[in-house]
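Per-entry structural report
One letter stands for each residue in the lines below.
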Amino acid sequence: MRIGILTSGGDSPGMNACIRAVVKTALAPGTSCFGIRSGFQGLILNDIHPLGRDDVRYILHRGGTMLYSARCPDFMLPEKRQLAYQNLAKHGITGLVVIGGDGSFAGAQAMEKEAGIGVIGIPGTIDNDIVGTEMCLGFDTACQTAVDAIDKIRDTATSHHRLFLVEVMGRHSPAIALRCALATGALGVLVPGTHYDMAQLFAALSAAKARKKLSNIVVVAEGEETGGAALLAHHIGRHFPEYELRVAVLGHIQRGGSPSVTDRELGARMGALAAEALMDGKSGHMTAYVRGQVCLVPLDTAHTSKPAPNQDWIDLIAKLGA
Ligand code: ADP
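These lines cover the structure that appears in this document, whether it is placed above or below. Here the structure is a predicted model, which means the values were calculated and not measured.

Around the ligand, 15 residues are found, and the nearest of them are Arg71, Cys72, Gly101, Gly103 and Ser104. Between an oxygen atom of the ligand and a side-chain N or O atom of Arg71, the distance comes to 2.8 Å. In this structure, Gly101 approaches the ligand through a main-chain N or O atom, which is 2.9 Å from an oxygen atom. Considered on its own, the ligand offers 560 Å² of accessible surface; in the complex 77% of this is hidden by protein.

This paragraph deals with the sheet that holds strand β2 (residues 32-36). Read across the sheet, seven strands follow the order β3-β2-β1-β4-β5-β10-β11 without closing on themselves; strand pairing throughout is mixed. Here the strands that pair on one side only, and so sit at the sheet edges, are β3 (48-51) and β11 (293-298). Direction aside, neighbouring strands of the sheet carry axes that sit 30° apart on average. Sheet topology places strand β1 (residues 2-7) next to β2; four bridges connect them, and they run parallel. Directly across from Gly4, in β2, lies its bridge partner Phe34. On top of the sheet, helix α4 (residues 102-115) reaches β4 (95-100), β5 (118-123) and β10 (285-290); it is set at about 165° to β4, its chief contact.

A few words on the packing of helix α3 (residues 78-91) against α4. Two elements in contact, α3 and α4, have axes whose closest approach is 11 Å; the angle formed by their N-to-C orientations is 75°. Of the possible angle classes, the one that applies to α3 and α4 is roughly perpendicular. Judged by residue contacts, Arg81, Tyr85 and Leu88 of α3 engage Ala110, Met111, Glu114 and Ala115 from α4. For the contact of α3 with α4, the per-class residue count stands at five nonpolar, no polar and two charged.

For the coordinates displayed, the defined rule picks out 11 salt bridges. One salt bridge in this structure joins Arg37 and Asp47, with 3.8 Å as the shortest N-O distance. Taken together, the positions of Arg37 in the loop between β2 and α2 (40-44) and Asp47 in the loop between α2 and β3 put the pair 10 residues apart, joining distant regions of the chain. Overall, Arg37 belongs to the partly exposed group, its relative accessible area being 34%. Asp47 gets classed as partly exposed once you look at its relative accessible area, which sits at 24%. For Asp54, the salt bridge is made with Arg57, and the minimal N-O distance between the two is 3.7 Å. On the basis of relative accessibility, which here comes to 55%, the residue Asp54 falls in the exposed class. Each of Arg162, Glu244 and Arg246 takes part in one network of salt bridges that share partners.

What follows concerns the environment of Ala204. The topology assignment puts Ala204 in helix α7 (residues 198-210). Residue classification places Ala204 among the buried residues on the basis of a relative accessible area of 19%. Spatially, the C-alpha atoms of Ala204 and Leu77 are 52 Å apart, while their sequence positions differ by 127 residues.

With the rule as written, the count across this model stands at three aromatic pairs. When the centroid spacing of 4.3 Å and the interplanar angle of 15° are considered together, the rings of Phe40 and Phe75 count as stacked. In this pair, Phe40 sits in helix α2 while Phe75 sits in the loop between β3 and α3, placing the two residues 35 residues apart along the sequence. For the pair shown, Phe40 and Phe75 are each scored as buried. Aromatic pair Phe240 and Tyr243: ring centres 5.8 Å apart, planes at 70°, arrangement edge-to-face. Per residue, the accessibility class of Phe240 equals that of Tyr243, and both read buried. One aromatic cluster is present, formed by Phe202, Phe240 and Tyr243 through successive ring pairs.

The rules behind the values
Residues numbered from 1 in each chain as written. Predicted model: local features only at pLDDT ≥ 70, side-chain atom pairs only at ≥ 80, totals over all residues. Heavy atoms only, no water. Near = heavy atom within 4 Å. Polar contact = N/O pair within 3.5 Å; in protein donor to acceptor, adjacent residues only side chain to side chain. Areas by Shrake-Rupley, 256 points an atom, 1.4 Å probe, with all protein chains shown as cover. Pairing = 2+ DSSP bridges. Helix = DSSP H or I, 4+ residues; strand = E, 2+ residues; numbered from the N terminus. Axes fitted to C-alpha atoms, helices over the stretch in contact; angles between N-to-C directions. Contact = heavy atoms within 4.5 Å. Parallel < 35°, antiparallel > 145°, perpendicular 65-115°, else oblique. Nonpolar A, V, L, I, M, F, W, Y, C, P; charged D, E, K, R; others polar. Salt bridge = Lys/Arg side-chain N within 4 Å of Asp/Glu carboxyl O. Buried < 20%, exposed > 50% of the residue type's maximum accessible area, 1.4 Å probe, protein only. Phe/Tyr/Trp six-rings, centres within 6.5 Å; stacked < 30°, edge-to-face > 60°.

Written out as structure tokens, the structure is:
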């Protein structure tokens, strides 16, 4: 059997660890592996190359993806997908591991339906917002990177009695903001999906001010729904002129860097399971992390959710950050 592997959509730390696991699992007799560069674009352009043990040496600890990633609007077009099927046939590839988000999974499902290609998805997104798995590849590292940065910001906030509003990624997902706010003892958090109780944050700021604690951290998820850290700074500045305000936008550092232990573990376990599943003739599934186990769930149940922020978390952050 010949297995293809590609990474698609936004990159996330742990993708390389996962590629390595797929390739090494596919070293079994009678099986071989091919890397497809730049996601679905590589399928259309026949950018497909054999991948062996030596090709995946020294990549486990590296961020990004050695196969490159891309968004490929052309793959939405049936005639372009026909080119992909022809290219796969040229290489004799009958099964595909697709690491990405639910857009990439939609592309994989189209291939299964139209051309009978065996497909297994692996959830890779720092937003951790795919239904069916408790953890997506990259989320843990992105949180660790943000927490490391916020810890450094905390030093200067304390030294200068400043209030820092730290903007993290998560335009449509509260996951990074909630976990990082809890982990850094933030005074409050602002995430999409809630009509954030500004009164609650303002009360916390008033209480902190009364205790003469002017150095504080508030974590804000990026995007239109929250308005980002800049808009919040505008509101707070109007009501609390005594706070010396600073905004820090963490941006793309959250996507990169060496994967955490958790993401290496997830990459290894999910990659191995995905390759084994294809070799066993399975298709149409996503690898998932559920209660400590890595398992397979049907791909058609795996989609990006817009998770409602957990109010318990928001309350705990407020309680412990005060
Ligand atoms: P993610 O996989 O992170 O959700 P995108 O939504 O950008 O990222 O999707 C990645 C790629 O998957 C797209 O650029 C496109 O090539 C492919 N794709 C997305 N939706 C479909 C679809 N309905 N049919 C075919 N291919 C799709």
